[in-house]
Amino acid sequence: MITFKDVTKTYPDGTTALKSINLEVKEGELLTLIGPSGCGKTTTMKMINRLIQPTEGTITIHNKDIREYNIHELRWNIGYVLQEIALFPHMTIEENISIVPEMKKWGKKDLSKRIDELMDMVGLDSNKHRKRKPSELSGGQQQRVGVIRALAADPDIILMDEPFSALDPISREQLQNDIRQLQQEIQKTIVFVTHDMDEAMALGDRVCLMKEGEIIQLDTPQNLILHPANSFVKDFIGSRKTPWQTAVDVIMDQTKSQIYSSSDREADRVPSSGTYAIKDESGKYVTCVHNGKKSDFPSLANGMTLKEAITVFEKEDYPILPVVKGEQLIGTLSYKDMVLHLKENTRENGVVQA
C-alpha cells in the first residue's frame, strides 16, 4: 500500500532526520509510529502526503511514486487529523466536514447523507450538532469532528498526528476506544503518530518504534512485549507500560487447544468436560461450550486491556473467554493466566496500581 524504500531526509543545516528508512504500511492496517522526541516519526508521516520531501529514496502508494501524483489529488485522497484539530471557527460543523467532498464535486444529497453517517459513527447527534460552531463543542467533540472531517471524502489513507495528546485522560481514552471500533468498521490504512506507548500498543496492528531517524523494531504489540529486539525496545516499553494496560492478545492462548470448529461440535468431537470456544468454517466466533452445553459467553476484543477484561471475567466468573479480532476467533484467555500475568509483572516491576 505505502512503501518507503531507502528514504533519507537531511536538512540544509546538516541534520539527518531519517536514515535510509525501509517501511511498508499494509492496506487496511493501523500502524502506530512511536519513539523519543526527534526520532523522525512525524517526518516519516508527513512525507506520505508530501508535506516534507525526502532527500533520497522513494515513497510509493499502490506501487506508484507519490511524486507522480497530482499534489491536490494526492492530498484529497489522504485524510489528515492534527493535534490542534484545526477546525475553521467561522464555519459550522457540517461546513467543516464538507470542505474536501465539495472540492471533489460531491452532490448535496450524497454529502448530507455522508455527514449523517459519519456523525452517527462517532456518537454525535447530527440534528443537534450540524449547525453549531466549533466553539460550542467540547474538546473531545471537536476532535471527533476532526476525525470524521478526515474521513468525509472516503480517502484510502488517514494520517493522524498525535491527535489526542491535548485532551484530558477520560476524553483521550474514549477516543482511543472510538478509533479502535471505527477501524473495525471502515478498514482504512491509518498511520498514527503518538508519543504515548500505551496508546501505540492499544491502537496499532503493528508498532514502529524509532530512534535517531532509524526503525529499531517494527512488529506487532505482542512481539514487542514478548520479543524486544534489544535493550532500547525493552526499556522503552517497560518504563511506560503497566501490566494492567497489556492487550489481551499478548497473553492469550494461541495454541488453539481451547478452540473447536462447528463441524467438530456437530460430530461430537468437543470434550464433554471443560470450556471451549467454537468457530465456523470461516474462522468467525460462534459460541462457547461449557461441560458439553452451549454457553453464550461474551467475547474479548483483541486490543482490550487486561484492566478492561478483568471486569468482564468477574461479572459471571467465566473460566475462559474467546478473543476476537473483528469477528475472527484468534484465541482464548483464561482468568487464571490473566491473574498470574498481572501478579508476576506487578511483582517484577513494582507496579501495584491499575
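Along each chain, residues carry numbers from 1 onward, in the same order as the chain's sequence is written. In keeping with the predicted nature of the model, local features appear solely for residues at pLDDT of at least 70, side-chain atom pairs appear and are counted solely at 80 or more, and the whole-chain, interface and lining totals rest on all residues. To obtain the side-chain values, all non-hydrogen atoms of the structure were included, while hydrogens and water were left out.

Within an unreviewed UniProt entry, the label attached to the protein chain reads Carnitine transport ATP-binding protein OpuCA, and the organism entered is Halobacillus mangrovi. UniProt positions are given in the numbering used here, feature names are shortened, and annotations may be inferred rather than shown by experiment. Regarding the protein chain, the relevant UniProt record gives this comment under Sequence similarities (unreviewed entry): "Belongs to the ABC transporter superfamily."

This brings us to the UniProt feature "domain: ABC transporter" (unreviewed entry) in the protein chain. What UniProt calls "domain: ABC transporter" (unreviewed entry) maps, in this numbering, to residues 2-237. Elements are defined by DSSP. Helices are runs of H or I of four residues or more, strands are runs of E of two residues or more, and each kind is numbered from the N terminus. Within the segment residues 2-237, helix and strand shares are 40% and 25% respectively, and the terminal C-alpha atoms sit 26 Å apart.

Before going further, it helps to spend a moment on the sheet that holds strand β6 (residues 78-82). Whenever strands of a sheet pair, they do so through backbone hydrogen bonds, lying parallel or antiparallel. Taking strand neighbours across the sheet as the criterion, the six strands line up as β6-β7-β8-β3-β9-β10 in an open arrangement whose pairing is mixed. If you trace the sheet from one side to the other, it starts and ends with β6 and β10 (214-219), each paired once. The sheet shows a mean angle of 15 degrees between the axes of neighbouring strands, taken without regard to direction. Pairing of strand β3 (residues 30-34) with strand β8 (residues 189-193) involves four bridges; the strand directions are parallel. Paired with L30 across the bridge in β8 is I190. At least two bridges found by DSSP between two strands are what make those strands a pair. Only the stretch in contact is used when fitting a helix axis, every axis being a line fitted to C-alpha atoms; angles between N-to-C directions are given from 0 to 180 degrees.

The next subject is unusual backbone geometry. Among all residues save glycine, negative phi is the norm, and among peptide bonds the norm is trans. Phi at Q187 takes a positive value of approximately 50 degrees, unusual for a residue other than glycine. With respect to the element layout, Q187 can be found in the loop between α7 (169-186) and β8. Each residue is placed in one exposure class: buried if its accessible area under a 1.4 Å probe, protein chains only, is under 20% of its type's maximum, exposed if it is over 50%, and partly exposed if it falls in between. Classification of Q187 by relative accessible area gives partly exposed; the value is 47%. Not every positive phi belongs to a glycine, and E212 is a case in point at roughly 50 degrees. Note on placement: E212 falls in the loop between β9 (206-211) and β10.

Our next topic: the packing of helix α3 (residues 93-103) against helix α6 (residues 139-151). With their axes 7 Å apart at the nearest point, α3 and α6 run at an angle of 30 degrees to one another. By the angle class used here, α3 and α6 are roughly parallel. Every pair of crossing elements has a handedness; the one defined by α3 and α6 is right-handed. Contact residues: α3 offers I93, N96 and I97, while α6 offers V145, I148 and R149. Here the contact of α3 with α6 is composed, by residue class, of four nonpolar, one polar and one charged. With respect to orientation, any angle under 35 degrees is reported as roughly parallel, any angle over 145 as roughly antiparallel, any angle of 65 to 115 as roughly perpendicular, and every other angle as oblique. In a left-handed crossing the near helix is turned counterclockwise from the far helix by less than a right angle, and in a right-handed crossing that turn is clockwise. Throughout, a residue-residue contact means that at least one pair of heavy atoms, one from each residue, lies within 4.5 Å. Polar here means any residue other than Ala, Val, Leu, Ile, Met, Phe, Trp, Tyr, Cys and Pro, which are nonpolar, and Asp, Glu, Lys and Arg, which are charged; Gly is therefore polar.

By salt bridge we mean one thing: a side-chain nitrogen of Lys or Arg within 4 Å of a carboxyl oxygen of Asp or Glu. For the structure on display, the rule yields 13 salt bridges. Two residues, R206 and E29, come together in a salt bridge whose shortest N-O distance is 2.7 Å. With R206 in strand β9 and E29 in the loop between β2 (16-25) and β3, this residue pair connects regions lying 177 residues apart in the sequence. Here R206 matches E29 in class, with each residue buried. Between D154 and R114 there is a salt bridge; the shortest N-O distance is 3.8 Å. Pair noted here: D154 is in the loop between α6 and β7 (157-161) and R114 is in helix α4 (residues 108-121), with a separation of 40 residues, a long-range link. A cluster of three or more residues bridged by salt bridges with shared partners is formed by E94, D116, R130 and K131.

Now for the nonpolar core. I97, M160 and I179 are the most contacted members of the largest nonpolar core, which totals 29 residues. For this core, the secondary structure elements donating two or more residues are α3, α4, α6, β7, α7 and β8. The element contributing the most residues to this core is α6, with five residues. Excluding anything up to four places from it in sequence, M160 contacts M45, V81, V147, I179, I190, V191, F192 and V193. Definition used in this section: a nonpolar core is a set of buried Ala, Val, Leu, Ile, Met, Phe, Trp, Tyr and Cys residues joined via side-chain atoms within 4.5 Å.

Right, let's talk about the sheet that holds strand β1 (residues 2-10) for a bit. Ordered in space as β2-β1-β4-β5, the four strands form an open sheet in which the pairing is antiparallel. At either end of the open sheet lies a strand with only one pairing partner, and these are β2 and β5 (64-65). Bridge count between β1 and strand β4 (residues 56-61): five bridges; the pairing is antiparallel. Looking at the pairing, F4 lines up with I59 of β4. Across the face of the sheet, helix α1 (residues 41-48) comes into contact with β1, β2 and β4 while running at roughly 120 degrees to β1.

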